[in-house]
Amino acid sequence: MGKTVNIVLSGEAGEGLKTIEKLITDLVSKYYYYFATKEVMSRVRGGNNTTEIRISEDKVYAFQKNIDVLFLLNDNALYRLEERINEKTVIFGSEKYKDDKIIKNKKSKLEIIDLDKLAKEAGNKLFKNTIIFGFLLGMMELEREEGNEKIKEFFNDKKEDIIDKNIDALEMGYKKGENHTDLFNIKKGNIENCKNISGTEAVGIGALAGGCNFVGSYPMSPATGVLTYLAAKGKEFDVLVEQAEDEIAALNMVIGSWYTGGRGLATTSGGGFALMQEAVSLSGVSETPCVVHIAQRPGPATGMPTRMEQGDLNLTVYAGHGEFPRIIVAPGTLKDGIELTQKAFYLADKYQVPAFILTDQFYVDSNSQMEKFELDEKYLEQNIVETDEDYKRYKITEDGISPRGIPGYGKGVVKGDSHEHTEEGLGTEDFNIRRKMNEKRMRKTVKILEDYIEPELIGDKDYKNLLVGWGSTYGVLSEYVNKSKDSKTSFLNIKQLYPLSENLKEYFEKAEKVLVVENNFKGQLANLLKLELGIKVDEKVLKYSGEPFSIEEIESKLKEVL
Amino acid sequence: MTFEVRDNIDIAWCPGCGNFPIRKALIQALEEMNLEQKDVVLVSGIGQAAKMPQYLNSNFFNGLHGRAMAVGFGVKSTNPDLKVIVEGGDGDMYGEGGNHFLHNIRRNIDVAHLVHNNMVYGLTKGQASPTSQLGFETPLQVDGVILKPLNPIALALSAGATFVARAFSSDMEKTKEIIKKAINHKGYALVDIFQPCVSFNKINTNKWYKDNSYYLDDNYDNTSLSNAYEKALEKDKFPLGVIYKSDEGNSYTDRHNVYQKENTPVHKRKKDIKSVNKLINS
C-alpha cells in the first residue's frame, strides 16, 4: 500500500471550504488518487465543518480518522478534532485558534500562520481560500502555473482585477507551502481516464442514464443534491423537475408520471420516505412503476440531518402496507451509483414495481475519481405496449407481468386502480379474483430474481473470513481488504438488497466466519440475510454515532474479532 | 365511442345520490366536446365521489385518498396532450388533499378539478367534512360541528385560481355546461358541485341546496376578482355558475422550461445514451 496524506480543512459553514476542495481535487486528481469527504453541521453559517482530502499513491475510498495536515480556520475547530490529531499531525492556524493544552497533550506540531492577516494583505479576507490553495500547491510541489490556470477557470465570470489578486494570493500561499514539502512525500504519478464525481452526481447521472424525465421531490438533506443536479440538467436532458408541496405529493406525482409513460424519480431521506409509504403501496398494487432515491441520515425523526447512517434498510424493505414485490439497490462505488440507479429505472419499468436506491449522507457527500466507462443503452428500453380496444391493464399472465399500456397510445383505455381490481382495472371484492391478482403480483418476484444484480467480491476467492457490507461501507471495507495482506479475509458487497437471491448462499457457505459491517444499531442487513436466506452471521460490527467507519476503526475492530 | 360504460355495472351509490346526475352531466359534457376516451384521463382518490371513474369508460387512475390532484399533476405535466379531470369529494379534496388543492392552484396546472360537495363524509358513514356547517351533528361530532366550514371558493380565489365555479347536481344541464367550461379552461379550474347526500346529511338536502342557492345572472362580470371575492363570501344564498375566470397567466406546462423548449410531451422525447456518456467521459 502506497503512502497517503490526509489533509483536513476545518472552518465555519459558508466560509468556502467547498471552493478549496474543488480547486485542489481538480488539480491533484491528475497526479494522485484522492478521496474527499466532508462533515457539516446542520446550519447555514457558523459552527464548524470539516473537509477531508486524502491524497494517495494508491486508490483510496475510506474516511481516515487520523489527520496529517490540519488547517484551523476558526476557533471552534480544535477541540472538535481533538480525537483526530496525534504526534504526527502538523497544524496550521492563527495564534488565536490554538489551544495549547490540546496540542501539548496530543504532542502535535503547531505552525502559526495568520491566514486572515495574509488575506487582508492580499486585499480581502475572501482570499483566504486561495492562499490555502496556493499553500497546498507549494507543499505538494505542483506547478504554480497550473494553480493560476485553475484560478482563471474558477473565477472566469469575475473581473480581471479579481483574478489577478487571486493569483497574487495564490503566490503568497505557495511561498509558505514551499517550506513544508516534507509533509507531502507522495510519489507523483499520472492518473488518466478518470473523472471526479460525487455520490450525488453519480445518482443524478444514473437517473439520466435510466431515462428519467420527471422528478417530483421535496427538499431534504442529504438527498437535495440529486434534486438540484437534475434541475440543472433538466432543460438539456428533457427532465421535468418540480418541487412538490410535500413528500406525499412527490411520490404521487411520480406515480402519475409513470402511469402516463414517464420515468419519474423522487429523491428524499428517511423522514420524507416515511411520508411516501402509502404511495409506495399504491405503486405496488396499481403496478405503476416508481423510483425513489433514499439518502439515509440518522433517525428517528429529525435525528441528525447532515450525518450518516444505514438505518433505513428495514423501512425500505417493509415500506407500504400490504404485500407486493419491490427492488432495492445500494451503490457502494461511484460507478455503482450510476449503474444501479440506471438499472433501478429499467427494472421498475420492466417489472412494474417500486424500485429504491438506498444511499446515505457519507456516500452522496463524498467525491473521488471514477474510471470512465460507457453506459449500456439497453437500460433505456421501455416496456410499453400500444393498446387495442379490448386492452386489459391487469391481464393475468404466467409470469405475472401484464403488458403495460399508457393513456393516449393505442385504441384502448388504461385503468389504474388502488383497489383490488379485475383484469380490466375495475375495483372488485371477489375473493377469487383477489387471490389470483395477489398471486399474479407476487409471481413477478421470480422474474425479478432472474435479473438479480450480482454482488462484488473483493479479495481472494478462497477466504476464511467473509466481511459483508452494503452501500457506503464499500470504501472502508475494500480498502481494508486491499491494504491488509491477510488473504484469508475477503469482502462481499451486496448491491441488490431486495429481493435477495438464493445464489448468495454460496458465498456464505464457503466462509468459516461471517462478519456483517453496518452503520446501524441492529444489524439490519445481517437480520435480513437470516430472515430471507437463513444465513448465520457470526459477528456484527456496528456503528451508529452518525459518523462513517474510519479505516483505523475497521482495522482495530477487525483485529479484535478475527 | 361513448364514455358510457358498456356493461351494466353495479354502481355503489345510494338511490337518489347526487352523484348520479353528476355522472350523466360529465358523460354528456365529454361527448358533446367530442373528446375521445383515449385522450381523457380521470384521476380520483377515495370516497363515494372518487368512484366516478369506475363508472365511466375512459382512462383512469383511481389512487389514494386525498392524493388525486398530485397524480393528476404528474399525468398532465408528463403528457399535456391529455385532458385531465381530477374528481372526488369534499373530504378527499379539501381535507386529506388540502395541501395538494392549494399548491396545484398555484401551479395553474391545466386540469378540471370537480369536487362533489355534500358537506358530509359518505363512505365512512356520516362524519363531518371540511365544508360541514357549524352545529351539524354526527356520530363523531356529537354536539355538532364546532369548526368553521371551509370556503373552497374564497380559498381557491385567494390562492390564485384562474377558474372558480360552483354547480348544483340536481341541475344536470347547467352542471354539464359548467363542467365543459372548466375542461376548456387553459389552467386549473375548480368546480365545487353542491350535491345532497341522501343517507348521511339530513340537513343539507336537495331542497336545502335549492333554497340556498341562485344562479349568477348573465350580466355578472366573472373576470373581475373583486366581484368574485364578493360572491365567494355571500352566505345567505350561495351563487352558482362561473364565479371567476381569468385568461391571464399561462398554465404550468406552458411556463415550465422543458415545455418552453418544445411542445412534445416529455415521455415521448427520444433519450440518447451518448449525451449521458458525455457526463462521464468528458
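Residues numbered from 1 in each chain as written. Chains lettered and ligands numbered in written order. Predicted model: local features only at pLDDT ≥ 70, side-chain atom pairs only at ≥ 80, totals over all residues.

1. Quick notes on the interface of chain B and chain A
Here is step 1 of the chain: Each partner contributes residues to the interface: chain B has 43 residues there, and chain A has 50 residues.
Here is step 2 of the chain: Only strand E2 (59–62), helix H2 (68–78), helix H4 (98–107), helix H10 (257–261) and helix H11 (273–281) of chain B provide two or more residues apiece to the side of chain B that touches chain A.
Here is step 3 of the chain: Residue composition of the side of chain B that touches chain A, by class: 15 nonpolar, 21 polar and 7 charged. (Contact = placed C-beta atoms within 7 Å. Helix = DSSP H or I, 4+ residues; strand = E, 2+ residues; numbered from the N terminus. Nonpolar A, V, L, I, M, F, W, Y, C, P; charged D, E, K, R; others polar.)

2. Some details on the sheet that holds strand E5 (residues 90–93) of chain A
Residues and elements named next belong to chain A.
Here is step 1 of the chain: The strand order across the open sheet formed by 8 strands is E6-E5-E4-E1-E3-E2-E14-E7, and the pairing between neighbours is mixed. Every other strand in the sheet has two partners, leaving strand E6 (109–112) and strand E7 (194–198) as the edge strands with one partner each. Recorded for the sheet is a direction-independent mean angle of 25° between the axes of neighbouring strands.
Here is step 2 of the chain: One ladder, built from 5 bridges, connects E7 with strand E14 (residues 367–371); its direction is antiparallel. When the bridges of E14 are listed, asparagine 196 appears paired with glutamine 369. (Pairing = 2+ DSSP bridges. Axes fitted to C-alpha atoms, helices over the stretch in contact; angles between N-to-C directions.)

3. Regarding the domain arrangement of chain A
Residue and element names in this part refer to chain A.
Here is step 1 of the chain: Examined at the domain level, chain A breaks down into domain 1 (4–183), domain 2 (196–380) and domain 3 (456–561).
Here is step 2 of the chain: One C-alpha centre belongs to domain 1, the other to domain 2, and the line joining them spans 34 Å.
Here is step 3 of the chain: Tallying the contact residues gives 13 residues for domain 1 and 9 residues for domain 2.
Here is step 4 of the chain: The set of elements that each furnish at least two residues to the side of domain 1 that touches domain 2 consists of helix H1 (17–28) and strand E2 (33–39). (Domains from an automatic or database assignment.)

4. Thoughts on the environment of B:Ser246
Here is step 1 of the chain: Along the chain, B:Ser246 turns up in the loop between strand E8 (238–245) and helix H9 (252–255).
Here is step 2 of the chain: Look past the residues within four positions of B:Ser246 in its chain and what remains in contact with it is B:Thr162 and B:Thr223.

5. Quick word on unusual backbone geometry
Here is step 1 of the chain: The peptide bond linking A:Ser221 to A:Pro222 adopts the cis configuration, its omega dihedral lying at 0°.
Here is step 2 of the chain: Mapping A:Pro222 onto the fold places it in the loop between strand E8 (214–217) and helix H9 (224–237).
Here is step 3 of the chain: A positive phi angle, near 50°, is found at A:Ala301, a position not held by glycine.
Here is step 4 of the chain: Assignment of secondary structure puts A:Ala301 in the loop between strand E11 (290–296) and helix H12 (313–318).
Here is step 5 of the chain: By C-beta crowding, A:Ala301 is classed as exposed, having 7 other C-beta atoms within 10 Å.
Here is step 6 of the chain: A positive phi angle, close to 55°, is found at B:Asn34, a residue other than glycine. (Buried ≥ 20, exposed ≤ 12 C-beta atoms within 10 Å, placed from the backbone.)

6. Structural notes on helix H15 (residues 431–450) of chain A
Here is step 1 of the chain: With 20 residues, H15(A) should cover 28 Å at 1.5 Å per step; its first-to-last C-alpha distance of 30 Å lies within 8% of that length.
Here is step 2 of the chain: On its buried face, H15(A) is in contact with strand E12 (327–329) and helix H13 (334–351) of chain A. (Expected span 1.5 Å × (residues − 1).)

7. Some thoughts on the environment of A:Ile197
Residues and elements named next belong to chain A.
Here is step 1 of the chain: Among the structural elements, isoleucine 197 can be located in strand E7.
Here is step 2 of the chain: Taking the C-beta count within 10 Å as the criterion, isoleucine 197 has 20 such neighbours and is therefore assigned buried.
Here is step 3 of the chain: Sequence separation of isoleucine 197 and leucine 142 is 55 residues, and the distance between their C-alpha atoms is 22 Å.
Here is step 4 of the chain: Not counting residues up to four positions away in its chain, the partners in contact with isoleucine 197 are Ala202, Leu334, Asn367 and Met370.

8. Comments concerning the sheet that holds strand E16 (residues 456–458) of chain A
By way of backbone hydrogen bonds, the strands of a sheet pair with one another, either parallel or antiparallel.
All names here are of chain A.
Here is step 1 of the chain: On the basis of which strands lie adjacent, the open sheet formed by 5 strands has the order E16-E18-E17-E20-E21 and mixed pairing. Edge strands, defined here as strands with exactly one partner in the open sheet, are E16 and strand E21 (539–542). Ignoring which end each strand starts from, the neighbouring axes of this sheet average 25° apart.
Here is step 2 of the chain: Pairing analysis gives 3 bridges linking E16 to strand E18 (residues 489–493), with the strands arranged antiparallel. Paired with leucine 457 across the strands is leucine 492, a residue of E18.

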